[in-house]
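Each chain, letter by letter, is given below.
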Amino acid sequence: LATVHYDTQHISAGIMIQGVEHADSITNSVLRGLSSDSVGATLYGIYVEPRLYDGNAVLHALLTCNGINAVDWSPDARFFAVGLDCVNGAPGVIVFKYDYTTNTINYVTQIVIEGPVYDVKWSYNGTYLAIASNYVGGVSDDISIYQWYSLTQTFSFAVSAHRANASYAISWSADNALLATAGIADVSGNTQTIYGFDQIQGALSNLSSSSHGNTIN
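Residues numbered from 1 in each chain as written. Predicted model: local features only at pLDDT ≥ 70, side-chain atom pairs only at ≥ 80, totals over all residues. Heavy atoms only, no water.

Peer 1: Got a minute to help me understand the pattern of salt bridges in this structure?
Peer 2: Charged atoms that come close allow side chains of opposite charge to pair. This model, assessed by the stated rule, comprises two salt bridges. Among the ionic pairs, Arg78 bridges to Asp76, the shortest N-O distance being 3.7 Å. (Salt bridge = Lys/Arg side-chain N within 4 Å of Asp/Glu carboxyl O.)

Peer 1: I tried to follow the packing of aromatic side chains on my own but got confused; where do I start?
Peer 2: The way to describe two aromatic rings as a pair is by their centre distance and the angle between their planes. Counted according to the given criterion, the structure contains 12 aromatic pairs. Pairwise contacts between aromatic rings join Phe79, Trp122, Trp148 and Phe155 into one cluster. (Phe/Tyr/Trp six-rings, centres within 6.5 Å; stacked < 30°, edge-to-face > 60°.)

Peer 1: It is not clear to me how the sheet that holds strand β16 (residues 192-198) should be interpreted in this structure. Could you clarify?
Peer 2: Pairing between the strands of a sheet comes from backbone hydrogen bonds, and it takes one of two forms, parallel or antiparallel. As summarised here, the arrangement of the four strands in space is β14-β15-β16-β17, forming an open sheet in which the pairing is antiparallel. The open sheet terminates on both sides in strands that have one partner only, identified here as β14 (167-172) and β17 (203-210). Across the sheet, the mean angle separating the axes of adjacent strands is 25° when strand polarity is ignored. (Pairing = 2+ DSSP bridges. Helix = DSSP H or I, 4+ residues; strand = E, 2+ residues; numbered from the N terminus. Axes fitted to C-alpha atoms, helices over the stretch in contact; angles between N-to-C directions.)

Peer 1: What am I meant to see in the pairing of strand β15 (residues 178-183) here?
Peer 2: For a regular strand, side chains alternate in direction, first toward one face of the sheet and then toward the other. Sheet analysis places β14 next to β15, joined by five bridges and oriented antiparallel. The residue of β15 that forms the bridge with Ala169 is Ala182. Taken together, β14 and the strand that follows it, β15, pair antiparallel across an intervening segment of five residues, in which Asn176 is found at a positive phi of about 65°. For β15 and β16, the ladder comprises five bridges, and the chain directions are antiparallel. Residue pairing in the sheet places Ala180 in a bridge with Ile194 of β16.

Peer 1: Help me out: how do you make sense of the nonpolar core in this one?
Peer 2: Buried together is how nonpolar side chains tend to be arranged in soluble globular proteins. Ranked by size, the top nonpolar core spans 16 residues in total, and within it Val93, Val95, Leu129 and Ile131 carry the most contacts. Mapped by element, the contributors of at least two residues to this core are β7 (79-84), β8 (91-99), β9 (104-112), β10 (117-122), β11 (128-133) and β12 (143-149). Residues Ala130, Ile143, Ile170 and Tyr195 belong to the second largest nonpolar core, which totals 13 residues. (Core = buried A, V, L, I, M, F, W, Y, C linked by side-chain atoms within 4.5 Å. Buried < 20%, exposed > 50% of the residue type's maximum accessible area, 1.4 Å probe, protein only.)

Next comes the structure, spelled out in structure tokens:
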């Protein structure tokens, strides 16, 4: 990490891209995400610059949520998704685009997730974004998949599943056919579950579950 400064209200953190650091302060946030893209750019945090983002709602989410829980680059290294610790209808996931020509980060879109988002992962083919979050009964499941349309830079909901009251980690298999998830134990005491993902049907199926003995986060 190239630079981190902090006081009681601010954290200054940087994104290092091809040896060039870009940094600013993030208010009332906790830096937790770390991810590398295919060209070696490492994201240590996101910086808040009002002129780069789309309206006060996005800035409000970045500045008032409890923290950043996860960051993941798209396979083409053009976009990154940020999972936020937000509640009450705030955007749980915000997607940004990095412009390698101008070295700027620009807001693209967001996904509203009820309750904190703990992990985000792009599928290896770049078509889907998997999200691990809290389960909010009757509102949102703790495992969600959204389809990404690169031409329009938008998402549509694909499918979701209720594993437990909270899932803290999620990961795709290399063929985009399986999802490994883990978190709080479910009603049977299992802390991790493998789902099969049918892209044609847009369906998730529980293939296997097991217990680690402790909550995985």
